[in-house]
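Structural overview for review
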Amino acid sequence: MHTSQQRTGCSGPAGHLECLVDEPATPARGVAVLCHPHPVHGGTMDNKVIQTLARAFVQLGYRSVRFNFRGVGQSQGHW
């Protein structure tokens, strides 16, 4: 199954948020927004549970969107 992944971001009042969008090979059936575990405990959008969920949703035909909370990874601001 061929999918594509785009590293992107979105701007908000607290600054830029780092995002990853995974697209299925066929037209998307919907969108799954995935939020990572608490940043104080090391949570990021690259957490293995979040990566697994993103892959599963894409295999089911959904666009997967995940992002880093403020102050995590390349996202601006403070947690």
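In the block above lies the structure referred to throughout.
Reading guide: rules and limits
Each chain carries its own residue numbering, running from 1 in the direction its sequence is written. In keeping with the predicted nature of the model, local features appear solely for residues at pLDDT of at least 70, side-chain atom pairs appear and are counted solely at 80 or more, and the whole-chain, interface and lining totals rest on all residues. Note that the side-chain values use all heavy atoms of the structure and ignore hydrogens as well as water. Helix and strand definitions here come from DSSP, where helices need a minimum of 4 consecutive H or I residues and strands a minimum of 2 consecutive E residues; each element is numbered from the N-terminal end. Any residue under 20% of the maximum accessible area for its type is buried, any over 50% is exposed, and the rest in between are partly exposed; the area is computed with a 1.4 Å probe on protein chains only. For this analysis, a polar contact is any N or O atom pair within 3.5 Å, provided that within protein one partner can donate a hydrogen and the other can accept it, and provided that sequence-adjacent residues contribute only side-chain to side-chain pairs. Note on definitions: salt bridges are taken to be side-chain nitrogens of Lys or Arg within 4 Å of carboxyl oxygens of Asp or Glu. At least two DSSP bridges between two strands are required for those strands to pair.

The subject of this paragraph is the side chain of Glu18. With respect to the secondary-structure elements, Glu18 resides in strand β2 (residues 15-23). On the basis of relative accessible area, Glu18 is assigned to the buried category, the value being 9%. Within the structure, the side chain of Glu18 is placed 2.8 Å from the side chain of Arg7, a separation counted as a polar contact. A polar atom in the side chain of Glu18 sits 2.7 Å from the side chain of Asn68.

Turning our attention to the pattern of salt bridges. Between side chains of opposite charge, pairing is possible as soon as their charged atoms come close. As enumerated under the stated definition, the model contains three salt bridges in all. One salt bridge in this structure joins Glu18 and Arg7, with 2.8 Å as the shortest N-O distance. Of this pair, Glu18 sits in strand β2 while Arg7 sits in strand β1 (residues 4-12), and the two are eleven residues apart along the sequence. Given a relative accessible area of 51%, Arg7 falls into the exposed group. Arg66 is paired through a salt bridge with Asp22; the nearest N and O atoms lie 3.3 Å apart. Here Arg66, found in strand β4 (residues 63-67), pairs with Asp22, found in strand β2; they are 44 residues apart in sequence, far enough to count as distant. Judged by its relative accessible area of 9%, Asp22 is buried.

So, about the pairing of β4. Burial analysis of β4 places four of its five residues in the buried class, the great majority of the element. Relative to β4, β2 is paired through four bridges, and the arrangement is antiparallel. Across the sheet, residue Val21 finds its bridge partner in β4, namely Val65. As defined by bridge partners, strand β3 (residues 31-35) adjoins β4 across five bridges and the pair is classed as parallel.

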